[in-house]
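Structural overview for review
Here is how the chains run, residue by residue.
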Amino acid sequence: RYDRVPKTRVRLSRRNLFARDANRCQYCGRKFRTTDLSIDHVIPRSRGGHTTWANVVCACLECNVRKGGRMPAEAGLHLVREPKAPRFSPVITLHARDPKYRSWQQFLDAAYWHVELRD
């Protein structure tokens, strides 16, 4: 019997962020390989923005450079979807059985994908 089920927090990592946004640039809406995407702060860090689920999105290199240190509206860009914290791990939607990831999976998980992003 449970009085209260503890809330779980989805870790903000590159892998979870790319999965949440489905490898789509949140400014132009096009889908890219992970190597062609960057992480963009909607409210730039130079203006007090923090690295939180509600303030980071995937952006293609072209849109990220176009936006620079400005707010999206100042750069003439609009978000495809408002960023928010997922309720469950978005990695579940990934196809982890893809053969191209199998041999490197343990290294990627430990060294890159599951490292928490911080300010």
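Calculation notes
Residues numbered from 1 in each chain as written. Predicted model: local features only at pLDDT ≥ 70, side-chain atom pairs only at ≥ 80, totals over all residues. Heavy atoms only, no water. Core = buried A, V, L, I, M, F, W, Y, C linked by side-chain atoms within 4.5 Å. Buried < 20%, exposed > 50% of the residue type's maximum accessible area, 1.4 Å probe, protein only. Helix = DSSP H or I, 4+ residues; strand = E, 2+ residues; numbered from the N terminus. pLDDT = per-residue confidence, 0-100. Contact = heavy atoms within 4.5 Å. Salt bridge = Lys/Arg side-chain N within 4 Å of Asp/Glu carboxyl O. Polar contact = N/O pair within 3.5 Å; in protein donor to acceptor, adjacent residues only side chain to side chain. Disulfide = S-S within 2.5 Å.

What about the nonpolar core?
Residues Cys25 and Tyr27 are the most contacted members of the largest nonpolar core, which totals 19 residues. Only helix H1 (14-20) and strand E2 (56-60) provide two or more residues apiece to this core. At five residues, E2 tops the list of elements feeding residues into this core.

Some words on the confidence of the model for the protein chain
When pLDDT is averaged along the protein chain, the result is 85; 78% of the residues meet or exceed 70. Here helix H3 (residues 99-102) stands out as the least confident element of the protein chain, with mean pLDDT 67; E2 is the most confident, with 98.

With respect to the environment of phenylalanine 32
Its location among the elements puts phenylalanine 32 in the loop between H1 and strand E1 (37-41). For phenylalanine 32 and cysteine 60, which are 28 residues apart along the polypeptide, the C-alpha to C-alpha distance reads 7.4 Å. Beyond its immediate sequence surroundings of up to four residues, phenylalanine 32 is in contact with Asn23, Cys25, Leu37 and Cys60.

Thoughts on the pattern of salt bridges
According to the stated counting rule, one finds five salt bridges in the structure shown. We note a salt bridge from arginine 20 to aspartate 21, for which the minimum N-O separation is 2.9 Å. Take arginine 20: its relative accessible area is 12%, and that puts it in the buried class. Residues joined by salt bridges that share partners form a network here, namely Arg20, Asp21 and Arg81.

Things to note about the side chain of threonine 51
For threonine 51, the position within the fold is in the loop between E1 and E2. A polar side-chain atom of threonine 51 sits 2.9 Å from a polar atom in the side chain of histidine 41.

Here's the deal with the pairing of E2
The element E2 is largely enclosed, with a buried count of five among its five residues. Side chains Val56, Cys58 and Cys60 of E2 all project onto a buried face; the interleaved residues Val57 and Ala59 project onto the opposite face, where all are buried too.

Examining the environment of histidine 50
Looking at the secondary structure, you find histidine 50 in the loop between E1 and E2. Assessed through its relative accessible area of 47%, histidine 50 is described here as partly exposed. Separated by 68 residues in the primary sequence, histidine 50 and arginine 118 have C-alpha atoms spaced 8.4 Å apart.

Description of the state of the cysteines
Applying the stated criterion to the full structure yields zero disulfides. This cysteine, cysteine 25, is not joined by any disulfide, and cysteine 28 carries the nearest cysteine sulfur, 3.6 Å off. Here cysteine 63 stays unpaired: no disulfide links it, and the sulfur of cysteine 60, its closest cysteine neighbor, is 3.5 Å away.

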